[in-house]
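# What the coordinates show
As a plain string of letters, each chain reads:
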Amino acid sequence: MATRLKFEDSQFLQQNFQEQLSRWNRSRLAPAYPDEAVAQRLETDARMARLERAFIEELRAEVRPEAARAPTDVEGFIAWFEELKQSGPGQHDRLFPWLADEADRDQIRWFLGQEAAGEAGFDDLVAMTQVKLPTQAKMELARNYWDEMGRGNVKGMHGPMLSQLVDILDLETRIEQTCWESLALANAMTAMATSRFYAWHSVGALGVIELTAPDRSAHTARALKRIGLSNAERRYFDLHAVLDVKHSKDWNEEAIKPLVAEDPRRATAMAEGALIRLRCGARCFDAYRAHFGLA
Ligand SMILES: [Fe+2]
Ligand SMILES: [Fe+2]
């Protein structure tokens, strides 16, 4: 078993730091102009990039022993990776059946607010990760991205679909109202997708989202149905309960397999990325259960 980080020992697993990182991500990734306080921005970027790297290295240290045990041959690695769906950190958390069957409307709203605030934008993460990837993997990320884009139909775009749900339920998604665990999840995903040092980590982390999202999405869709949301209003979660099964299969086949076949070292990096993502998720579920007073 990997060692679990103690929050009190970490300068990164803290509300203040994660808020700071979230605000930096928001501003540094926003389209801007060349004459906007450039010197100051460069200085901030350099300082924050160092802190971001130290944050990811801390998360890496937590998962490295476990990731080092993942096989590095293609078939062995895929079997290890797919097993994360059953026994990976945070899988089958009892939070989800509770949300589906018992939580009231405001509890579901709070949960979705945290999740929406902690969503780094899967489409952009895929877009940033695919830069300079080998052809076959790049093509798979392109197909996945195109689905995120509603295959060219604005109404089918996944990001705006989630934003609609935020509006319908009038969810709170301000950074300062979001627990650090949710912010850390989004910040870790953003760090891995934007830094080329962690490109293979990002492929693993995005792949494990596709692998594990359908089950959580199905529970969330059930919760939304129970509190009276229509088919159209629940679409984001109904869609991901089904579509991500296919996304996961394709990601494993077309991205992970050829990348590992070309260089086995990538398996270890992808394993670390996947475990980092799942551990960030597990910390969120712990925090949400604590918020709801669930044992
Ligand atoms: Fe999506
Ligand atoms: Fe997907």
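These numbers were taken from a predicted model, which means no experiment stands behind them.

## A look at the environment of Glu-102
With respect to the helices and strands, Glu-102 occurs in the loop between helix H4 (95–101) and helix H5 (105–117). Taking the C-alpha atoms as reference, Glu-102 lies 33 Å from Leu-125; in sequence the two are 23 residues apart.

## Comments concerning helix H11 (residues 235–262)
Across its 28 residues, H11 extends 38 Å between first and last C-alpha, which sits within 8% of the 40 Å expected from 1.5 Å per residue. Maximum bend of H11: about 35 degrees, positioned at Leu-243.

## What to know about the environment of Gln-20
One can find Gln-20 in helix H1 (residues 15–29). Sequence separation of Gln-20 and Lys-246 is 226 residues, and the distance between their C-alpha atoms is 36 Å.

## What to know about the packing of H1 against helix H9 (residues 180–194)
Where H1 contacts H9, the axes come no closer than 9 Å and their chain directions differ by 45 degrees. The orientation of H1 relative to H9 falls into the category oblique. Our pair here, H1 against H9, has a crossing hand that is left-handed. Together, Gln-15, Gln-18, Glu-19, Leu-21, Ser-22 and Asn-25 of H1 and Trp-180, Leu-183, Ala-184, Ala-186, Asn-187 and Thr-190 of H9 make up the contact between the two elements.

## Structural notes on the packing of helix H6 (residues 122–129) against H9
Look at H6 against H9: their axes get within 8 Å of each other, and the N-to-C directions meet at 25 degrees. The angle between the axes of H6 and H9 places the two elements in the roughly parallel class. Contact residues: H6 offers Leu-125, Met-128 and Thr-129, while H9 offers Met-189, Ala-193 and Thr-194. Its residues assigned to classes, the contact of H6 with H9 comprises four nonpolar, two polar and no charged.

What counts as what
All chains use their own residue numbering, which begins from 1 and follows the written sequence. The order in which chains are written sets their letters, starting at A; the order in which ligands are written sets their numbers, starting at 1. Totals for whole chains, interfaces and linings use all residues, but because this is a predicted model, local features are given only for residues with pLDDT of at least 70 and pairs of side-chain atoms are given and counted only at 80 or more. Put simply, DSSP marks the helices as runs of H or I at least four residues long and the strands as runs of E at least two long, and each gets a number from the N terminus on. Helix span, expected: 1.5 Å multiplied by one less than the number of residues in the helix. For a residue, the bend is simply the angle between two axes, fitted respectively to the seven-residue segment ending there and the seven-residue segment starting there. Comment: axis = line fitted to C-alpha atoms, over the contacting stretch for helices; angle = value between 0 and 180 degrees taken between N-to-C directions. These descriptions rest on fixed angle ranges, namely under 35 degrees for roughly parallel, over 145 for roughly antiparallel, 65 to 115 for roughly perpendicular, and the rest for oblique. In a left-handed crossing the near helix is turned counterclockwise from the far helix by less than a right angle, and in a right-handed crossing that turn is clockwise. What counts as a contact here is a pair of residues whose C-beta atoms, placed from the backbone, lie within 7 Å. Think of it as three bins: nonpolar holds Ala, Val, Leu, Ile, Met, Phe, Trp, Tyr, Cys and Pro, charged holds Asp, Glu, Lys and Arg, and polar takes everything else, Gly as well.

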